[in-house]
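Structure at a glance
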Amino acid sequence: PADTTSTIPERNEPAHKEQHAPEVEKTLLHHLEHCLEHNLSPSKAIVTKITETYPASALVTNAKNQLPIHLACMATGVSENIMSQLLIAYPGGAFLCDGNGMCPIDYAVSNRDVTTRKSAIAALSQNDATVRFMRDSSAPIKPESSSGDKDFGFCACGD
């Protein structure tokens, strides 16, 4: 039988590719993709249950190298609670670019849905402050930018 176990990467390592993740860990990604495809709001109950039961699900990427936090920042009607759940599961995801060179904050600020835009910006700001505090307290969570600059704000894309 094939080994379906997966190691959880350090918080500052890139996320799993979708095809390598166990099926159960892809459930969060599939829920958010379904919501985007059908213009639905993600379910707080579903996101909470999945992230609490399978925290590594927040590290799984789709074919476009998008994490659940990227998808949530593109969706409609996403509460700050959902954003926070995703960022608690993987704080470093806020700083990673997808295959389009976009970070979650890029999708958040361009989202036409006011609810999602406000909740995403609030949650990402809080996450940034928390990560900065932890970094300043000698807990290495935040990745370095390609230039070696550790104080790059929201996104590690080099922009």
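Further up the page is the structure itself.
Below you will find a few notes about this structure. (Residues numbered from 1 in each chain as written. Predicted model: local features only at pLDDT ≥ 70, side-chain atom pairs only at ≥ 80, totals over all residues. Heavy atoms only, no water.)

**Section: the side chain of T48**
Its location among the elements puts T48 in helix α2 (residues 44-53). Looking at T48, the relative accessible area reads 16%, which means it is buried. At 2.8 Å, the side chain of T48 forms a polar contact with the backbone oxygen of K44. Discounting chain neighbours no more than four positions away, the residues touching T48 are N81 and Q85. (Helix = DSSP H or I, 4+ residues; strand = E, 2+ residues; numbered from the N terminus. Buried < 20%, exposed > 50% of the residue type's maximum accessible area, 1.4 Å probe, protein only. Polar contact = N/O pair within 3.5 Å; in protein donor to acceptor, adjacent residues only side chain to side chain. Contact = heavy atoms within 4.5 Å.)

**As for the packing of α2 against helix α4 (residues 80-89)**
In the contact formed by α2 and α4, the axes pass within 10 Å of each other and the chain directions differ by 10°. It follows from the interaxial angle that α2 and α4 lie roughly parallel. Contacts between α2 and α4 involve K44, V47, T48, T51 and E52 on the former and, on the latter, N81, I82, Q85, L86 and A89. For the contact of α2 with α4, the residue count by class is four nonpolar, four polar and two charged. (Axes fitted to C-alpha atoms, helices over the stretch in contact; angles between N-to-C directions. Parallel < 35°, antiparallel > 145°, perpendicular 65-115°, else oblique. Nonpolar A, V, L, I, M, F, W, Y, C, P; charged D, E, K, R; others polar.)

**Considerations on the packing of helix α1 (residues 27-37) against α2**
Interaxial distance between α1 and α2 falls to 10 Å at its minimum, and their mutual angle equals 160°. On the basis of their axis angle, the class for α1 and α2 is roughly antiparallel. Read as a crossing pair, α1 and α2 show a hand that is left-handed. Judged by residue contacts, T27, L28 and H31 of α1 engage I46, V47, I50 and T51 from α2. The class makeup of the residues in the contact of α1 with α2 is four nonpolar, three polar and no charged. (Left-handed = near helix turned anticlockwise from the far one by under 90°.)

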